[in-house]
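If you want the building blocks of each chain, they are given just below.
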Protein chains: 2
Amino acid sequence: MPQLASRVKRLSPSPIREILEVISQPGMVSFAGGLPSPASFPALNNLSVPNEELQYGASEGNVALRELIAAQLTERGIDTSPDRVLVLSGSQQGIDLVAKLLIEEGASVAVESPTYLAALQVFSLFGASYCCFSPDSMQSINAQSSPALVYSIPTFQNPSGHCYSHEQRCSLAAAVDACDAVFFEDDPYRDLVYEACDRTPVCSLLQRSDWVYQSSFSKSLAPGLRLGYLTASESLFPLLVRAKQAADLHSNRVCQHIAHQLLSSPGAGARLKQLVDDYRRRRDHFDTLLQRYFGDIAQWQLPVGGLFFWLDLTAAPTLDTQPLLRAAVQQGVAFMPGEPFFADASAGCGALRLNFSHASAAEAERGLATLADLFSSAIAAHLTAPNHACVVTPDVAL
Amino acid sequence: MPQLASRVKRLSPSPIREILEVISQPGMVSFAGGLPSPASFPALNNLSVPNEELQYGASEGNVALRELIAAQLTERGIDTSPDRVLVLSGSQQGIDLVAKLLIEEGASVAVESPTYLAALQVFSLFGASYCCFSPDSMQSINAQSSPALVYSIPTFQNPSGHCYSHEQRCSLAAAVDACDAVFFEDDPYRDLVYEACDRTPVCSLLQRSDWVYQSSFSKSLAPGLRLGYLTASESLFPLLVRAKQAADLHSNRVCQHIAHQLLSSPGAGARLKQLVDDYRRRRDHFDTLLQRYFGDIAQWQLPVGGLFFWLDLTAAPTLDTQPLLRAAVQQGVAFMPGEPFFADASAGCGALRLNFSHASAAEAERGLATLADLFSSAIAAHLTAPNHACVVTPDVAL
């Protein structure tokens, strides 16, 4: 092996990547990734892309698309303008750009516990150490822990599904303001809202801190377009544009053109409403199935938005769920173990994340019945012999 | 300003980015960027994209596209397979991924002098120090300078236009093998070949070193698709895939689908031949114009491929050409100053890069006449008072 940068030792394989491989196997029921329903995707037929969209373009992205995004962001209460919108090659890229600017070896980063695992992957690559907080407990965000960055998904959090109350949003903004951190708000799920709830961007409640706010078209349009966007406070925005330019010059213009056409078409609002109605039905059906199959071994909150149920295995709160994934996949079902979502996971957390937007009703029933059998057996074994709970060995390279 | 990672102080604004803004002004004649002719772009009409291409996909990219790429690479003599091809969001991304894996603060990187300025931008961001080499002088690539990475564009080099001879290719491979560096071959221009010449990939001549080879669809299809690809030696490839996954999960699938359709269509070979014939004519016309307007003040080689003429101002070899860019743009012409292409540029280099693929014949004539006037005046002033040569002040934020 050649001489590598020391950060490479922290470049762990992503469980998401493994999942994306697994779910493409025919017949697999996947509750694992945050995959939208294919039925929700717009039909891309008879497309024409103007010649000028095939040339190199500005790093910031398509002007008309940025105007449309800025108008939406302003409506949400965010202080921005088209000049301060950067189109991203998916919101994963925003995490990479922010990490490049703010994280170096040993920098303290405050994250929810649990949080989005691919954000942890990037922060760790750049050398983050973590202090963890939750919507109920933000004491760790303080001048002593001095985080360079506070990363949060306040609305339909991944993986917990939690939506911060207005009080929790204000508390988080105040905690950030008190410790000179940059606030990084990740908001990919906000359009997928099933019940009335507060979705005020936390960055709009800040009094003095610098901030970055990002969202994605992966959930409301289609992930295959690989488009997201960010805006940021005035001092940070130009640096993010430079980092973007160094990363890939600019995002692909063909999909920006397509996204702008879809979002500015007369049917865009109705399309989103239909998608949300469909996902609400899927969520409710999934909840009914969960009560039937997991009612005795787990607890969960009905998510008011987003794509996930987060299950706490009340009967075995220290069970490591990771080793069960391989057995589940062998039986044709994929789920997401809870452990990779914790910055400080050293032991089993007795939790798992289940996506409800991708599987059909019949697949959901079959998959949850299979999973419940598997988890019931594992829990029984765990209670008998906690140190040898797992019938299969861990295998990150699944 | 919040607490930023120390690397941010090295995040310089890219001259390329400024250029991409300038060239979009109406009426501007641009010799600055490596912009393909819009006439070369494929017509994207009546496109249909299958529903499944709108879902998340594998980090490595579209399987059929990777098979096609692997077949082309194997034909070029590169040891690879579809499993070892990674589709990139443009080849700029490959530079970011390789830098993440191999460059940390103070790492030595060997680069040609001059070399691609946006590669220098990324390497510097990650903390590179440089040792420079040229096709004629590779002594600096040795065990003592111990480069972690040797970056080269052997075929139609950017900016010089040089194509390494077979002997130079063998020498470079031997120098790399002798010092345990990773070899990074950037090969975006190889399809744009106007005269018979050796284009053997240097990575195929290595005996023992690890390597990364990348190319792009920006020059042969269209930059707006933002698609490139890499392959690498076996030990490095899985790390590059992980870094890609952390950077943007995967490249946009809509454009991968389009690129595969274009490249596998019966007319693909004829389309490329037509493009090359057109560019050869443009090059020859540009050369004629250069002789007319720059014959007295500059020297250049006729490039056997690629997109650029590199002009040495023989009358003023230490003239800093950067301050002239603003004056040129004010007169409606953009060119690329030579200085940003040098890792060790502290003084004027008396050189500039001119792209010949983008401007029409009439624009090229008008632009070169304007530029020659400007340069002649600047050279006269420089010879009179070398320390006050520049009639306009430097302005990186052009």
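Residues numbered from 1 in each chain as written. Chains lettered and ligands numbered in written order. Predicted model: local features only at pLDDT ≥ 70, side-chain atom pairs only at ≥ 80, totals over all residues. Heavy atoms only, no water.

**Q** Can you help me understand the overall build of chain A in this one?
**A** Counting secondary structure elements, chain A contains ten helices and 13 strands. Taking 2.2 N^0.38 as the reference for a compact globule, 398 residues should give roughly 21 Å; the C-alpha atoms of chain A span a radius of gyration of 21 Å, in line with that estimate. If you line up chain A on its principal axes, its C-alpha atoms span 60 × 55 × 50 Å. Scored against the burial criterion, the 398 residues of chain A give a buried share of 61%. (Helix = DSSP H or I, 4+ residues; strand = E, 2+ residues; numbered from the N terminus. Rg over C-alpha atoms; globule rule 2.2 N^0.38 Å. Buried < 20%, exposed > 50% of the residue type's maximum accessible area, 1.4 Å probe, protein only.)

**Q** Can you walk me through the domain arrangement of chain A in this structure?
**A** How large an interface is tends to be reported as the accessible area lost when its parts come together. Residues and elements named next belong to chain A. Here chain A is partitioned into domain 1 (6–40 + 270–387) and domain 2 (55–264). Look at where the C-alpha atoms of domain 1 and domain 2 centre, and you get two points 25 Å apart. In this complex, domain 1 contributes 34 residues to the contact, which on the side of domain 2 involves 34 residues. Carbon and sulfur atoms make up 63% of the surface buried where domain 1 meets domain 2, a total of about 2,800 Å² over both sides. The largest share of the area that domain 1 buries against domain 2 comes from Arg10, Val304 and Phe341, three residues that together contribute 22% of it. Run the count over domain 1 and domain 2 and you get two salt bridges. Put simply, domain 1 and domain 2 have 13 residue pairs in polar contact (both at pLDDT 80 or more) between them. Among the elements of the structure, α1 (15–22), α8 (268–294) and β10 (308–312) are those that each provide at least two residues to the side of domain 1 that touches domain 2. Per-element tally for the side of domain 1 that touches domain 2: the top contributor is α8, with seven residues. For the side of domain 1 that touches domain 2, the residue count by class is 20 nonpolar, seven polar and seven charged. (Domains from an automatic or database assignment. Contact = heavy atoms within 4.5 Å. Buried area = accessible area lost by both parts, 1.4 Å probe. Salt bridge = Lys/Arg side-chain N within 4 Å of Asp/Glu carboxyl O. Polar contact = N/O pair within 3.5 Å; in protein donor to acceptor, adjacent residues only side chain to side chain. Nonpolar A, V, L, I, M, F, W, Y, C, P; charged D, E, K, R; others polar.)

**Q** I keep staring at the packing of aromatic side chains and nothing clicks. Help me out?
**A** How two aromatic rings sit relative to each other is set out by the distance from centre to centre and by the angle between their planes. Residue and element names in this part refer to chain A. Within the structure shown, the criterion is met by 26 aromatic pairs over all chains. Each ring, one from Phe123 and one from Tyr151, has its centre 5.3 Å from the other, and the planes form 75 degrees; the classification is edge-to-face. In this pair, Phe123 sits in helix α4 (residues 117–125) while Tyr151 sits in strand β6 (residues 149–152), placing the two residues 28 residues apart along the sequence. Of the two residues, Phe123 and Tyr151, both sit in the buried class. Seen in terms of ring centroids, Phe335 and Phe375 are 5.2 Å apart; in terms of plane orientation they differ by 75 degrees. Their pairing is edge-to-face. A residue pair is termed long-range when its members are at least 10 positions apart, and Phe335 in the loop between β11 (333–334) and β12 (336–337) and Phe375 in helix α10 (residues 361–384) qualify at 40 residues. Look at Phe375 and you get buried, because its relative accessible area is 0%. Three or more aromatic residues joined by ring pairs form one cluster here, namely Phe31, Tyr194, Phe286, Phe309 and Phe356. Directly above the ring of Phe308 sits Arg353, whose terminal nitrogen or CZ lies 3.8 Å from the centroid. (Phe/Tyr/Trp six-rings, centres within 6.5 Å; stacked < 30°, edge-to-face > 60°. Lys NZ or Arg CZ within 6 Å of the ring centre and 35° of its normal.)

**Q** Please explain the nonpolar core as it appears in this structure.
**A** The nonpolar side chains of soluble globular proteins are, as a tendency, buried together. Residues Phe123 and Phe294 of chain A together with Phe123 and Phe294 of chain B are the most contacted members of the largest nonpolar core, which totals 195 residues. Counting 82 residues, the second-largest nonpolar core is a separate cluster that includes Ile141 and Leu172 of chain A together with Phe217 and Leu227 of chain B. (Core = buried A, V, L, I, M, F, W, Y, C linked by side-chain atoms within 4.5 Å.)

**Q** What's the story with the pattern of salt bridges in this structure? I'm lost.
**A** Working definition: two side chains of opposite charge can pair if their charged atoms are close together. In total, this model carries 32 salt bridges over all chains according to the counting rule given. Salt-bridge contacts for Arg208 of chain B lead to Asp180 of chain B; the nearest nitrogen and oxygen are separated by 3.4 Å. Taken together, the positions of Arg208 of chain B in the loop between β7 (182–186) and β8 (211–216) and Asp180 of chain B in the loop between α5 (166–177) and β7 put the pair 28 residues apart, joining distant regions of the chain. You can call Arg208 of chain B exposed: its relative accessible area is 54%. Here Asp284 of chain B ties to Arg283 of chain B by a salt bridge, and the two come within 3.1 Å at their closest N and O atoms. You can call Asp284 of chain B partly exposed: its relative accessible area is 33%. One network of salt bridges, with partners in common, ties together Asp96 and Lys100 of chain A together with Asp96 and Lys100 of chain B.

**Q** Any chance you could explain the packing of helix α3 (residues 91–102) of chain A against helix α6 (residues 237–248) of chain A here in plain terms?
**A** A pair of packed helices is captured by two measures, namely the crossing angle of their axes and the spacing between those axes. Residue and element names in this part refer to chain A. Orientation of α3 relative to α6, taken along the N-to-C sense of each, is 115 degrees, at an axis distance of 10 Å. Of the two elements, α3 crosses α6, and the hand of that crossing is right-handed. Facing Gln93, Leu97, Val98, Lys100 and Leu101 of α3, the residues of α6 in contact are Leu239, Leu240, Ala243, Lys244, Ala247 and Asp248. Here the contact of α3 with α6 is composed, by residue class, of seven nonpolar, one polar and three charged. (Axes fitted to C-alpha atoms, helices over the stretch in contact; angles between N-to-C directions. Left-handed = near helix turned anticlockwise from the far one by under 90°.)

**Q** Would you take a moment to explain the packing of α8 of chain A against α10 of chain A for this structure?
**A** Residues and elements named next belong to chain A. Where α8 meets α10, the closest approach of the two axes is 10 Å, and the angle between their N-to-C directions is 25 degrees. In terms of axis orientation, α8 runs roughly parallel to α10. Note that α8 runs across α10; the crossing there is right-handed. When α8 is examined against α10, the residues His285, Phe286, Leu289, Leu290, Arg292, Tyr293 and Phe294 are found in contact with a partner set consisting of Ala361, Ala364, Glu365, Leu368, Ala369, Leu371, Ala372 and Phe375. Taken together, the residues of the contact of α8 with α10 break down into twelve nonpolar, one polar and two charged. (Parallel < 35°, antiparallel > 145°, perpendicular 65-115°, else oblique.)

**Q** Mind showing me how you'd approach unusual backbone geometry here?
**A** Omega for the peptide link from Asn158 of chain A to Pro159 of chain A comes to 15 degrees, which places this bond in the cis form. Looking at the secondary structure, you find Pro159 of chain A in the loop between β6 and α5 (166–177). Its identity is not glycine, yet Asn46 of chain A carries a phi of approximately 50 degrees, on the positive side. Along the chain, the position of Asn46 of chain A falls in strand β2 (residues 44–49). A relative accessible area of 60% places Asn46 of chain A in the exposed class. Of note in the backbone geometry, Phe156 of chain B takes a positive phi value of approximately 60 degrees without being a glycine. Its location among the elements puts Phe156 of chain B in the loop between β6 (149–152) and α5. Given a relative accessible area of 1%, Phe156 of chain B falls into the buried group.

**Q** So what exactly am I meant to see when it comes to the interface of chain A and chain B here?
**A** With 82 residues of chain A at the interface, the matching set in chain B holds 83 residues. Overall, the association of chain A and chain B removes approximately 6,800 Å² of surface from exposure, summing both partners, and the carbon and sulfur fraction of that is 58%. Counting across the chain A and chain B interface gives two salt bridges. Across the pair Lys100 of chain A and Asp96 of chain B runs a salt bridge, and its minimum N-O distance is 2.7 Å. Within the residue set of the side of chain A that touches chain B, elements represented by two or more residues are α1, β2, α3, α4, α6 and α7 (253–264) of chain A. Among the elements that line the side of chain A that touches chain B, the one with the most residues is α6 of chain A, at eight residues. Of the strand pairs in this sheet, β2 of chain A and strand β2 (residues 44–49) of chain B are connected by three bridges, and their pairing is antiparallel. (Pairing = 2+ DSSP bridges.)

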